[in-house]
Amino acid sequence: MPSSLPALRQELSISVGPRLPDGQPSWTLHDPVRNMFFQLDWPSFEMLSRWNMGDAETILAEINSITALQLDSAAFNGLLTFLGEQQLLQAEKGSAPALAAMRAKQRGNWHQWLLHNYLFFRVPLLRPDRWLTWLEPRLAFLFSPTFRHLTILAGVLGLIGAYREWDRFSATLMDTLSWDGAVLYGAAIFFAKTCHELGHALTTKRYGCRVPTMGLAFLVMWPVAYTDTNEVWKLADRKKRLTVASAGIITELGIAAWATLAWAWLPEGGPKQVAFLLSTTTWISTLLINASPFMRFDGYYILSDYLGLPNLHNRAFALARWDLRERLFALGEPAPEAFSPRMNTGLILFAWAIWIYRLILFLGIAVLVYHFFIKAVGILLFIVEICWFVALPVWREIQVWRTRWPDIRHSKRARRSAALAALFIFIFLLPWPDRVRSSGLLQPQTRLALYAPPHATLDALPVASGQAVSAGQALIQLSSPELDLRATESDAKYESLAWQSAAAGLDVNSRKDWQVLNDQLAYANAERVAVSTDLQRYQPVAPYAGVLVDIDPDLRPGEALKSQEYLGSLVAADRWQVVTYVDEEAVRRISKGDRALFIADGMAGPARRLNVVSIDRDASRTLNEPELASLFGGDVLVREKNGSLYPEHAIYRVVLDTDEALPATSPAWRGRVTIAGDWEIPALRFLRVAASVAWRETGF
């Protein structure tokens, strides 16, 4: 400990703070130059209140003699280090180089400055304290119990109205999902967030605190409104700080309540649409963004004030890192802070939830940054995001492990953890049996679908659905008055020309036209043959023995049919096959002869063991089995255009055979196909996919 103490800065002030969770009192130290606040515990306050004694040993002796505290030099040195790091001490003569070095370290070099300001920076826009002082008493009615109760009633009535007209509410939501709707939503979000920040600012002024600035903060170039409410740390009442922290959410929920009620009661028109936009944006943004405690938004400060734990994230992270090291290495180190067992477990789980949430969020932001910028810049910013938010925290924890290596190397639990890690890596490098799963269609290998020709009329159904037929047997009898007329005309024309051609040889005058008549006769005969061929389409016969299935039971003789209307199918009850489609990653892992299993959807159909008999070498341009499309419950993502289904990604057609016969009661069954593919090392698959994506995205 130093023999003489450095002087504290004269402008610092200390005020009474709320009691800490363990029951001890707290004080708040205010640095007005930077408008920063520091929470002091009882030992720190006792030492600072005697700072003018000028000697550390004298201070500790007096504290230990007249209070219940028993402090040592380590506690005093910790406080002294804290005061120096936070620049709360007066600058001494000759300390300019040290202060300059500290400032340079804080600012960093130019690329560190650029990185920090790309990831997060603030732009103050307003100094609202003066006009907030004028506005707050004029809006005092917003804080009254009467207005609060009316808002709750409005929210209940609005939700009831939205529930009763949910179909119209959801339909309106879908109608606004357009570019024009996006502009309107942007305006609604701007209004709601402005009111949100005003809620914080007015509540802060109501409790007598100053609001120095309001503006925009940019988190990875994404704008977020902010209000500087640091002065609420002056409040000793934790409930008041909690009210300030939750004021923005309460404001947005109030807007949502009144807007939902307005939507339910207003007639159709512009005001109703505005009410709908305000209702949806405030409900969604408040519940999904502002109320989240995983980022430093309102939910974080509400939870922090509720638990009485300032700097909640960092304290939870420190505790979770300590717990991780103890579980892995059992070093026996003391916890960073002492909490109850329940609070200890809750903070550790909370820290892990934040890490997982931020990992997903920052990966998503990195992908968005990549896609919204030009490719070269996007790749660079993507790497920055991953390194800063994912790799850097992991590297820092590994550095901590390195400093504790002498203790770790002698720990039995560390050896056990290393063995488990090695086992996991070994398993990750072992080949594993692979299964390729997709939707498939079980259908006969021999199948003839019957469709109605143009202008057809049903004359008779000689074969019932499910009845066996023999080869050459008539299946359906159709007719077409237009085609019958063409047949009569062509026969009459042919007979007339045939008579004229035969008589031309007996008449001298007609003999010179004999060649022309023969040409016309040949043309008439070709036309008659064409009509006869068309008539055969109206009298389909079975080309092979089988079963006629899928006949519509509502079909009646004399009924006119639509062109290409499906009439039924002729199925040969011999061999069946399954048709499925797999992506380019899966097609590499299967080959001819692989075993497979088919299970019909809902377990209502047959389950069959299969073998792969063919795999297309080229990707399918269209999907010929609509039952397998995602539009109809299958797995293949498609888009429909002009009646054809086009796959969204490259897919390959795979045909599987089964030797088991099935009754021909239905032409097809849809179900799940599982193919036993080649064994593969998981690590190689991951590396191959990563390399493929990197190769594709870099444009080489």
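Scroll up to find the structure.
What counts, and where the lines are drawn
Residues numbered from 1 in each chain as written. Predicted model: local features only at pLDDT ≥ 70, side-chain atom pairs only at ≥ 80, totals over all residues. Heavy atoms only, no water. Phe/Tyr/Trp six-rings, centres within 6.5 Å; stacked < 30°, edge-to-face > 60°. Helix = DSSP H or I, 4+ residues; strand = E, 2+ residues; numbered from the N terminus. Buried < 20%, exposed > 50% of the residue type's maximum accessible area, 1.4 Å probe, protein only. Axes fitted to C-alpha atoms, helices over the stretch in contact; angles between N-to-C directions. Parallel < 35°, antiparallel > 145°, perpendicular 65-115°, else oblique. Left-handed = near helix turned anticlockwise from the far one by under 90°. Contact = heavy atoms within 4.5 Å. Arc of directions from axis to C-beta. Polar contact = N/O pair within 3.5 Å; in protein donor to acceptor, adjacent residues only side chain to side chain. Pairing = 2+ DSSP bridges.

Visitor: How should I be thinking about the packing of aromatic side chains in this particular structure?
Guide: As enumerated under the stated definition, the model contains 11 aromatic pairs in all. Seen from their ring centres, F38 and F82 are 5.6 Å apart, and the 80° between their planes marks the pair as edge-to-face. With F38 in strand β3 (residues 36-40) and F82 in helix α3 (residues 73-85), the pair connects residues that are 44 residues apart, well separated along the chain. For F38, a relative accessible area of 9% puts it in the buried group. With a relative accessible area of 25%, F82 lands in the partly exposed category.

Visitor: How do you make sense of the packing of helix α7 (residues 145-164) against helix α10 (residues 238-265) when you look at a structure like this?
Guide: Two packed helices can be described by the angle between their axes and the distance between those axes. Where α7 contacts α10, the two axes come as close as 7 Å, and the packing angle between them is 45°. The orientation of α7 relative to α10 falls into the category oblique. Relative to α10, α7 is oriented so that their crossing is left-handed. Here F147, L150, T151, A154, G155, L157, G158, L159, G161 and A162 of α7 lie close against α10, whose contacting residues are G254, A257, W258, T260, L261, W263, A264 and W265.

Visitor: Would you take a moment to explain helix α2 (residues 56-66) for this structure?
Guide: Note on helix geometry: an α-helix contains 3.6 residues per turn, so any two residues three or four positions apart are oriented the same way. When we look at burial in α2, the residues that qualify are A56, I59, L60 and I63. End-on view of α2: buried residues confined to an arc of 95°, all on one side of the axis. In α2, those exposed residues whose orientation departs by more than 90 degrees from the buried face are E57, S65 and I66. Buried residues belonging to α2 abut α1 (42-49) and α3. Where α2 begins, the capping side chain belongs to D55, and its oxygen is found 3.3 Å from the backbone nitrogen of E57.

Visitor: Explain the sheet that holds strand β7 (residues 432-444) here, please?
Guide: Backbone hydrogen bonds hold the strands of a sheet together, and the pairing may be parallel or antiparallel. Around the barrel, 6 strands lie side by side as β7-β14-β19-β16-β15-β20; this closed barrel has antiparallel pairing. Ignoring strand direction, the axes of neighbouring strands in this sheet form an average angle of 40°. Strand direction decides the pairing type here: β7 and strand β14 (residues 576-583), joined by 5 bridges, are antiparallel. Note that in β14 the partner of G440 across the bridge is T580.

Visitor: Before we go on, may I ask you to explain unusual backbone geometry in this structure?
Guide: Among all residues save glycine, negative phi is the norm, and among peptide bonds the norm is trans. Non-glycine residue Q87 carries a positive phi angle of around 55°. With respect to the helices, strands and loops of the structure, Q87 is situated in the loop between α3 and α4 (96-107). The backbone of A330 shows a phi angle near 50°, a positive value even though the residue is not glycine. With respect to the helices and strands, the residue A330 is situated in the loop between α13 (312-329) and α14 (341-372).

Honestly, it's all geometry; don't read function into it.
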